[in-house]
Amino acid sequence: MSAGIFHEINNPLTILKNKIKIVDRLSTNQALDENFFKSVESIKLNIDRIEKITKSLKSYSRNSTFDPMENVLLEEVISESIILCHDKIIKNKIELKHKKENIDYYISCRKTEISQVVINLINNAADAISTMDSEKERWIEIKYFIEGEQIILDIVDCGEGIPEQVDRKSTR
């Protein structure tokens, strides 16, 4: 089903991309006002955003059970996951602190499965802090680092944390 939705969105998107290229070419030959160029640039940015969202959705929604393990860039997985959570983060006025590393960390995994975990953790964090007093600072921090021979992915929010009784049950 998701492949069909992706196809339905991607076709008009491709048409828009091609038409905006034509408009771009035509505009270089004519004297147009600044608002026209700002509008064209805004259209381009939104087309790119839609492409990223549909790419992430296509990857996220497929069954990856039988996918082979592959080496993927951790930053790519995180960035694609953030795209799918972006609206919820903005709607709830949450600051996303995403500490990107200067080192490329590759992990051997099924990319879709890791992405699903990251999306769930970000969404759970957003849900947990969305009910906080709106006067308080709301944030989610995503960072990763090497510890021994492992890459640690840390997703932390400003909430009160998991109640001790629930935490004990979940770690059994």
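Residues numbered from 1 in each chain as written. Predicted model: local features only at pLDDT ≥ 70, side-chain atom pairs only at ≥ 80, totals over all residues. Heavy atoms only, no water.

A. Main features of the packing of helix H3 (residues 74-91) against helix H4 (residues 111-130). The interhelical angle for the contact between H3 and H4, taken along N-to-C directions, is 35 degrees, at an axis separation of 9 Å. Viewed along their axes, H3 and H4 form a crossing whose handedness is right-handed. Each of Glu76, Val77, Glu80, Ser81, Ile82, Leu84, Cys85, Lys88 and Ile89 in H3 lies in contact with H4, whose residues at this interface are Lys111, Ile114, Ser115, Val118, Ile119, Ile122, Asn123, Ala126 and Asp127. In terms of residue class, the contact of H3 with H4 is built from 10 nonpolar, three polar and five charged. (Axes fitted to C-alpha atoms, helices over the stretch in contact; angles between N-to-C directions. Helix = DSSP H or I, 4+ residues; strand = E, 2+ residues; numbered from the N terminus. Left-handed = near helix turned anticlockwise from the far one by under 90°. Contact = heavy atoms within 4.5 Å. Nonpolar A, V, L, I, M, F, W, Y, C, P; charged D, E, K, R; others polar.)

B. Expanded view of the sheet that holds strand S5 (residues 150-157). Strand order across the open sheet formed by three strands is S2-S4-S5, with mixed pairing between neighbours. Of all strands in the sheet, those with a lone pairing partner are strand S2 (95-98) and S5, marking the two edges. The mean angle between the axes of side-by-side strands here comes to 15 degrees, regardless of whether they run parallel or antiparallel. Pairing analysis gives four bridges linking S2 to strand S4 (residues 139-147), with the strands arranged parallel. Its bridge partner lying in S4, His98 is registered against Ile142. Here H3 sits on the sheet in contact with S2, S4 and S5, set at roughly 175 degrees to S2. (Pairing = 2+ DSSP bridges.)

C. Layout of the side chain of Lys111. Inspection of the secondary structure puts Lys111 in helix H4. Assessed through its relative accessible area of 16%, Lys111 is described here as buried. Only 3.4 Å separates the side chain of Lys111 from the side chain of Glu80, close enough to count as a polar contact. Lys111 has contacts with Glu70, Val72, Glu76, Val77 and Glu80, leaving out every residue within four places of it along the chain. (Buried < 20%, exposed > 50% of the residue type's maximum accessible area, 1.4 Å probe, protein only. Polar contact = N/O pair within 3.5 Å; in protein donor to acceptor, adjacent residues only side chain to side chain.)

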